[in-house]
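What the coordinates show
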Amino acid sequence: MEIKIIKADYIASAVKSSQYPEEVLPEIVFIGRSNVGKSSLINSLCNRKNLARTSQVPGKTQTINFYKVTLKILTADNLTIYPSVHLVDLPGYGYAKTSKTNRTVWAKFIDEYLKKSPQIKFVCQLVDMRHAPMDSDLQMFQNILEKNLPVLIIATKSDKLSKNERAKNLALIKKSFAIDELPILPYSSKNYEGTSDLLDVIADSL
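Fair warning: this is a prediction, and the values are worked out from it, not measured in the lab.

Remarks on the overall build of the protein chain
From N to C terminus, the protein chain includes five helices and eight strands. Ordered by position from N to C terminus, the α and β elements of the protein chain give β-β-α-β-β-β-α-β-α-β-α-β-α. A compact globule built from 206 residues should have a C-alpha radius of gyration of about 17 Å, and the protein chain, at 16 Å, falls within 12% of that. Projecting the C-alpha coordinates of the protein chain onto the three principal axes gives extents of approximately 45 × 45 × 30 Å. Counting the 206 residues in the protein chain, one finds 48% classified as buried.

Right under this line is the structure:
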């Protein structure tokens, strides 16, 4: 199966369900700590430099952002299909240069979205491969599981570690989440490591 993204567009930003896109499409969700690289991942996955806004300042994403993506999939029996999905970029949790009140508001509409959107296919939870998951990562992971949502852990910034460091840190991440069969996908927005694997997962979910 060959997969590539042939079109990607920003569709909408929302803080409540009435602002979600009118077009109903399968949703692939991205969540993680502030500055873990969600927007950079979406840009690299879509091969678009500025589709999702990135920043060195944690907390840049302050709304639920929807991007419509059209894939070209060549199946094993040589059929070509063109499904569309929404990539959904959620605000970062954990540290952000904003008030506690704002973070509380974000947490509320993130939880509402995860609880109520029937279109969610799976959630990509991003963690920084260079560090052990923090309490907020583990709490969010449990929150996702409690909502019975499939989850894929994506270990970002893989290009910043040596081969030995990668193996050690991936084992630490898996141990922290305490699920032996937990899928973890190493990813680098800089050198595009993991893009084809993530596209495979998206296609399989459809």
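Comments concerning unusual backbone geometry
Unlike most non-glycine residues, Asn47 shows phi in positive territory, near 55°. Relative accessible area serves as the criterion here: at 59%, Asn47 is assigned to the exposed category. Positive phi, normally seen in glycine, also occurs at Asn78, with a value near 65°. By the element assignment, Asn78 lies in the loop between β3 (64-74) and β4 (80-81). With a relative accessible area of 61%, Asn78 lands in the exposed category.

Quick look at the environment of Val69
Its location among the elements puts Val69 in strand β3. Looking at Val69, the relative accessible area reads 1%, which means it is buried. Through-space distance from the C-alpha of Val69 to that of Lys7 is 5.7 Å; in sequence the pair is 62 residues apart. With residues near it in sequence (within four places) discarded, Val69 still touches Ile5, Lys7, Ala8, Cys46, Pro83, Ser84, Val85 and Leu87.

Here we look at the state of the cysteines
Each disulfide consists of one covalent bond between the sulfur atoms belonging to two cysteines. Per the stated rule, a full pass over the model turns up zero disulfides. With no disulfide of its own, Cys46 has Cys124 as its nearest cysteine by sulfur position, at a separation of 12 Å. With a relative accessible area of 7%, Cys46 lands in the buried category.

Concerning the pattern of salt bridges
Counted according to the given criterion, the structure contains seven salt bridges. Across the pair Glu23 and Lys68 runs a salt bridge whose closest N-O atoms are separated by 3.1 Å. Placement of the pair is Glu23 in the loop between β1 (2-14) and β2 (27-32) and Lys68 in strand β3, with a sequence separation of 45 residues. Looking at Lys68, the relative accessible area reads 25%, which means it is partly exposed.

Description of the pairing of strand β5 (residues 84-89)
With six of six residues buried, β5 is to be regarded as a mostly interior element. Residues Ser84, His86 and Val88 line one face of β5 and the alternating positions Val85, Leu87 and Asp89 line the opposite face, and both faces are buried.

Thoughts on the side chain of Asp137
On the secondary structure map, Asp137 appears in helix α3 (residues 135-146). Put simply, Asp137 is tucked away with no salt bridge, and the nearest opposite charge, on Arg33, sits 4.8 Å away. Filtering out sequence-adjacent residues up to four positions away, Asp137 remains in contact with Arg33, Tyr93, Gln125, Leu126, Val127 and Phe177.

Regarding the packing of aromatic side chains
Counted by the stated rule, this structure contains five aromatic pairs. Summarising the aromatic geometry, the rings of Tyr10 and Tyr67 are spaced 5.9 Å apart at their centres and angled 65° between planes, so their arrangement reads as edge-to-face. Remark: Tyr67 occurs in strand β3 and Tyr10 occurs in strand β1; sequence separation between them is 57 residues. The buried category is assigned to Tyr67, whose relative accessible area is 3%. Consider the rings of Tyr20 and Tyr113, whose centres lie 5.7 Å apart with planes at 90°: the pair is edge-to-face. In this pair, Tyr20 sits in the loop between β1 and β2 while Tyr113 sits in helix α2 (residues 100-116), placing the two residues 93 residues apart along the sequence.

The rules we used
- Residues numbered from 1 in each chain as written.
- Predicted model: local features only at pLDDT ≥ 70, side-chain atom pairs only at ≥ 80, totals over all residues.
- Heavy atoms only, no water.
- Helix = DSSP H or I, 4+ residues; strand = E, 2+ residues; numbered from the N terminus.
- Rg over C-alpha atoms; globule rule 2.2 N^0.38 Å.
- Buried < 20%, exposed > 50% of the residue type's maximum accessible area, 1.4 Å probe, protein only.
- Contact = heavy atoms within 4.5 Å.
- Disulfide = S-S within 2.5 Å.
- Salt bridge = Lys/Arg side-chain N within 4 Å of Asp/Glu carboxyl O.
- Lys, Arg positive; Asp, Glu negative; His and termini not counted.
- Phe/Tyr/Trp six-rings, centres within 6.5 Å; stacked < 30°, edge-to-face > 60°.

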